[in-house]
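# Coordinate inspection notes
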Amino acid sequence: MRIIAPSMLSADFGHLERDTRMVDASAAEWIHIDVMDGVFVPNISFGFPVLKSIRKASPKFLDVHLMIVEPERYITRFAEAGADMVTFHLEATEKVAECIALARKAGVKVGMSVRPATPVAELAQWLPEIDMVLIMSVEPGFGGQSFMPHSVDKIRELRAMADVANPNLIIEVDGGISASNAALLFGAGAEVLVAGSSVFGAEDPQAEIVKMLEAR
């Protein structure tokens, strides 16, 4: 499975509907939406109204990444706003089991993410209970950062863990992704690549998505 999830954080906010419809018409199967609270990460981004607007502009799978403290307070509302998958950070909550339960109750898939410095071993007990792990290959909070090479080893380690604990687990990677490293990441065991500036900054974003999907 190879999926590209363009990150709307890199879209033109003044033409969000236009850019969403461009992604909707592309080979990308998912749309990635970063939610930041200015506390867990030093930036602020989309909230419920923007998610609802993106949902109206596309029926594609909405992959919502919560970079917020106490995500248990908001998971249900993001599900109601149109998310298909809600991903929260292991480091952002002391109520991991509650976050998973809330996502399940809301009828959405559940993902868990870790910062670059967090070992994937810390996810071990939760792997059988979730649908996806998002490996951050840059520090969360800002677009346009350079890919951290050690992330490849984390992907391989996680894939080996998942093959035992939850073979259906999806591995997603976010940060510094482009056509130049897509093949390496897919080869390491990732199935979903989040791409922001490499897509929206391209002369032909739709062609760039295909280029990443077909990278060898």
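Further up the page is the structure itself.
First things first, this report covers the structure right here in the doc. (Residues numbered from 1 in each chain as written. Predicted model: local features only at pLDDT ≥ 70, side-chain atom pairs only at ≥ 80, totals over all residues. Heavy atoms only, no water.)

## Observations concerning the pattern of salt bridges
Filter applied, for reference: Take a side-chain nitrogen of Lys or Arg and a carboxyl oxygen of Asp or Glu: if they are within 4 Å of each other, that pair is a salt bridge. Strands here are runs of E lasting at least two residues and helices are runs of H or I lasting at least four, both read from the DSSP assignment and numbered beginning at the N terminus. Burial status follows relative accessibility: with a 1.4 Å probe on protein chains alone, a residue under 20% of its type maximum counts as buried, one over 50% as exposed, and anything between as partly exposed.
Under the defined criterion, the tally for this structure stands at 10 salt bridges. Two residues, Arg-159 and Glu-191, come together in a salt bridge whose shortest N-O distance is 2.8 Å. Separated by 32 residues along the polypeptide, Arg-159 in helix α5 (residues 151–165) and Glu-191 in the loop between α6 (182–188) and β8 (192–195) bring together distant segments of the chain. Here Arg-159 and Glu-191 have matching classes, each one buried. One network of salt bridges, in which partners are shared, links Asp-12, Arg-18 and Asp-19.

## Details of helix α4 (residues 96–106)
Cut-off, in case you're wondering: This arc corresponds to the set of directions leading from the helix axis out to the C-beta atoms. Contacts are residue-level and defined by heavy atoms, with any inter-residue pair within 4.5 Å sufficient.
Taken together, the buried positions of α4 are occupied by Val-96, Cys-99, Ile-100 and Ala-103. The buried residues of α4 occupy one face: seen down the axis, they fall within an arc of 95°. As for α4, its buried residues are in contact with α3 (75–80), β4 (85–89) and β5 (109–114). Once α4 finishes, Gly-107 follows within two positions and takes phi at roughly 80°, a positive value.

## Some remarks on the packing of aromatic side chains
The line we're drawing: Each Phe, Tyr or Trp ring, with Trp reduced to its six-membered ring, pairs with another whose centre is within 6.5 Å; inter-plane angles below 30 degrees give stacked pairs, above 60 give edge-to-face pairs, and intermediate values give tilted ones. Charge-over-ring placement is defined geometrically: NZ (Lys) or CZ (Arg) within 6 Å of the ring centre, and within 35 degrees of the ring normal.
One pass over the structure, following the stated rule, counts four aromatic pairs. Where Phe-48 meets Tyr-74, the ring centres are 6.4 Å apart and the plane angle is 40°; that geometry is what we call tilted. With Phe-48 in helix α2 (residues 48–57) and Tyr-74 in the loop between β3 (61–67) and α3, this residue pair connects regions lying 26 residues apart in the sequence. Judged by relative accessible area, which is 15%, Phe-48 ranks as buried. For Tyr-74, a relative accessible area of 25% puts it in the partly exposed group. Site record: aromatic cluster; members linked through ring pairs are Phe-48, Tyr-74 and Phe-78. Positioned above the aromatic ring of Phe-40 is the side chain of Arg-115, whose terminal nitrogen or guanidinium carbon lies 4.2 Å from the ring centre.

## As for unusual backbone geometry
Look at Glu-70: it is not a glycine, yet its phi comes out positive at around 50°. The topology assignment puts Glu-70 in the loop between β3 and α3.

## Examining the pairing of β4
Convention followed: If DSSP finds at least two bridges between two strands, the strands pair. Here the term right-handed applies to a crossover when the path leading from its first strand over the helix to its second strand runs clockwise, the strands being oriented away from the viewer.
Most of β4 sits inside the fold, with five of its five residues counted as buried. Burial of β4 is two-sided: the residues Met-85, Thr-87 and His-89 facing one way and the residues Val-86 and Phe-88 facing the other way are all buried. One ladder, built from four bridges, connects β3 with β4; its direction is parallel. Bridging across to β4, Val-64 finds its partner in Val-86. After leaving β3, the chain enters α3 and then returns to the sheet as β4, a path that is right-handed. Where β4 lies against β5, five bridges are found, and the strand directions are parallel. What sits directly across from Met-85, in β5, is Lys-109. Handedness of the crossover joining β4 and β5 through α4: right-handed.

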